[in-house]
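Chain by chain, the residues:
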Amino acid sequence: MDFAITEEHALIQKTARDYARTRLVPAAAARDVNETFPDEELAELARLGLFGINVPEDFGGSAAGAIAYSLAMRELSRADPSVAVSVSVANMVAELIARFGTEAQKRAHIPRLCSGEYRCGAFALSEAGAGSDPVAMQTTADKIPGGYRISGAKMWITCGDRAGIMVVWAKTDSNAGARGITAFLVRGDAPGLSVTRLEDKMGIRGSHTAELAFDNVEVGDDAVLGDVGGGFRLAMIALDGGRIGISSQAIGIAEAALAAALDFARERETFGQPIIDHQAIGNLLADMATAIEAAKLMVMRAAWLKDQKRPFSMEASMAKLFCTERAIRICDDAIQIHGGYGYTRDFPVERFYRDVRVTAIYEGTSQIQRIVIARHLLKSLES
């Protein structure tokens, strides 16, 4: 496997890093406290080409691939994970439409996403009783002349109150299990679609997470994404790619936590010397740095496989499991190194901990990742 970073990869990473340092870092804490949605920042990131990193150039993307996407997500997440997750969802939606949409769907929606005309996209799969088990969803799409009527509710939808376009999953055949689920493209301003709640979250507070109600939302036959009854497969494919993004997000947060811990450990003195010179602190920092480097390699492997159009589902799940759980531990250790200061809002490590915690939940919990990995291992034994 050749994980070499190309000039194009490096340029995209530098673009994300420079923007993150100059525009995102200064207001990250304020966005967290005030739950300020980054409308202006997302528009700027779209203009920089970061909403369609793995989308064909014909539709306004850069076609730079999953490695470039991972690198950009790391840089943005190191500055503000709330902004990064919105970028992640925009990329997921654009990529899904690019892969499975009709020519008309691609022309209608992808350029608007990539340019920022749509402030963001949304991925409306989860429900109150159907998070890890999407087949249990209750949202339905009943056939009507010329289209469908969607009714139900979705929960935990990132950017659900801001999306210009969203992919919505609903049952078109309630008796067919996974084969009865269909994906639809629904405009954010569709009649009958409403935001019923914005979650008051522990972290990622600059990104809105919405509960949505679909009250007989009518869409045409041309709103079906992919095939009728083929929506479950689309969701699983999108989540595999999304796990590369969330793994990268976790790494970015962990890198920020390590940098903050290093700075504090050099400046803080106890017993007449900087605490970084104490073996207990040095060992913690060494373990943090080692875990981050291992995490980077795992994500790069999954991203490389995706770019090579080879199976990467197990590798993406392994990366997400390892990266997110280690990142949570790293942020916890960063607080420990700060001592009492780390438990206050005067230092950013408490925010890093709150932001990183959800990475082991969304795009599939750690428990789901273990199930996915175990299933792949079983298949390998049977083959």
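Structure shown above.
From a predicted model like this one, the values you see are computed outputs, not experimental measurements.

J.: How should I be thinking about the layout of surface pockets in this particular structure?
T.: One water molecule sets the probe size; rolling that probe over the atoms shows where empty space is left. Taken as a whole, the largest pocket encloses approximately 1,300 Å³ of empty space. Every residue lining the largest pocket is counted, 42 residues in all, and those nearest its centre are G131, I361, Y362, E363 and G364. If you list the elements that add at least two residues to the lining of the largest pocket, you get α4 (81-100), β3 (147-158), α6 (231-267) and α10 (366-382). Put simply, the second largest pocket is a space of about 540 Å³. Looking at the lining of the second largest pocket, the elements with two or more residues in it are α4, α6 and α7 (279-307).

J.: Would you mind showing me how to read the packing of aromatic side chains here?
T.: Per the counting criterion, the structure on display carries 5 aromatic pairs. Relative to W169, the ring of F123 has its centre 4.6 Å away and its plane inclined at 55 degrees; by these criteria the two rings are tilted. Separated by 46 residues along the polypeptide, F123 in strand β1 (residues 121-124) and W169 in strand β4 (residues 165-171) bring together distant segments of the chain. You can call F123 buried: its relative accessible area is 13%. Classification of W169 as buried rests on a relative accessible area of 0%. On the basis of an interplanar angle of 55 degrees and a centroid distance of 5.9 Å, the ring pair of F264 and Y341 is categorised as tilted. One end of the pair, F264, is in helix α6; the other, Y341, is in the loop between α8 (313-338) and α9 (349-356), and 77 residues separate them in sequence. Under the relative-accessibility criterion, F264 is labelled buried at 9%. Note on Y341: relative accessible area 42%, which makes it partly exposed. A network of ring pairs unites the aromatic residues F264, Y341 and F347 as a single cluster. Across the ring face of F37, the terminal group of R162 is positioned such that the distance to the ring centre comes to 4.6 Å.

J.: Even after reading the chapter, I still don't get the pairing of β3, so can you show me in this structure?
T.: The two faces of a sheet get side chains in turn, since along a regular strand they alternate between them. Here strand β2 (residues 140-144) runs beside β3; their pairing, made up of 5 bridges, is antiparallel. Following the sheet pairing, K143 is matched in β3 by Y148. Counting the residues that bridge the hairpin from β2 to β3 gives 2 residues, and of these G146 lies at a positive phi of roughly 85 degrees. Pairing geometry for β3 and strand β7 (residues 209-220), over 9 bridges, is antiparallel. By the bridge assignment for β7, Y148 is matched with V219.

J.: Hey, could you run me through the packing of helix α3 (residues 66-79) against α6 in this one?
T.: A pair of packed helices is captured by two measures, namely the crossing angle of their axes and the spacing between those axes. Running from N to C, α3 and α6 cross one another at 40 degrees; their axes reach a closest spacing of 7 Å. The orientation of α3 with respect to α6, classified from their angle, is oblique. Our pair here, α3 against α6, has a crossing hand that is right-handed. Across from Y69, S70, M73, R74, S77 and R78 in α3, the residues of α6 making contact are G241, I244, G245, S248, Q249, I251, G252, I253, E255, A256 and A259. Of the residues belonging to the contact of α3 with α6, the class tally is 7 nonpolar, 7 polar and 3 charged.

Thresholds applied
- Residues numbered from 1 in each chain as written.
- Predicted model: local features only at pLDDT ≥ 70, side-chain atom pairs only at ≥ 80, totals over all residues.
- Heavy atoms only, no water.
- 1 Å grid on protein atoms, 1.4 Å probe; cavity = no way out; pocket = protein on both sides within 12 Å on 5 of 7 lines; lining within 4 Å.
- Points joined across faces, edges and corners; volume = space filled by probe spheres on them.
- Helix = DSSP H or I, 4+ residues; strand = E, 2+ residues; numbered from the N terminus.
- Phe/Tyr/Trp six-rings, centres within 6.5 Å; stacked < 30°, edge-to-face > 60°.
- Buried < 20%, exposed > 50% of the residue type's maximum accessible area, 1.4 Å probe, protein only.
- Lys NZ or Arg CZ within 6 Å of the ring centre and 35° of its normal.
- Pairing = 2+ DSSP bridges.
- Axes fitted to C-alpha atoms, helices over the stretch in contact; angles between N-to-C directions.
- Parallel < 35°, antiparallel > 145°, perpendicular 65-115°, else oblique.
- Left-handed = near helix turned anticlockwise from the far one by under 90°.
- Contact = heavy atoms within 4.5 Å.
- Nonpolar A, V, L, I, M, F, W, Y, C, P; charged D, E, K, R; others polar.

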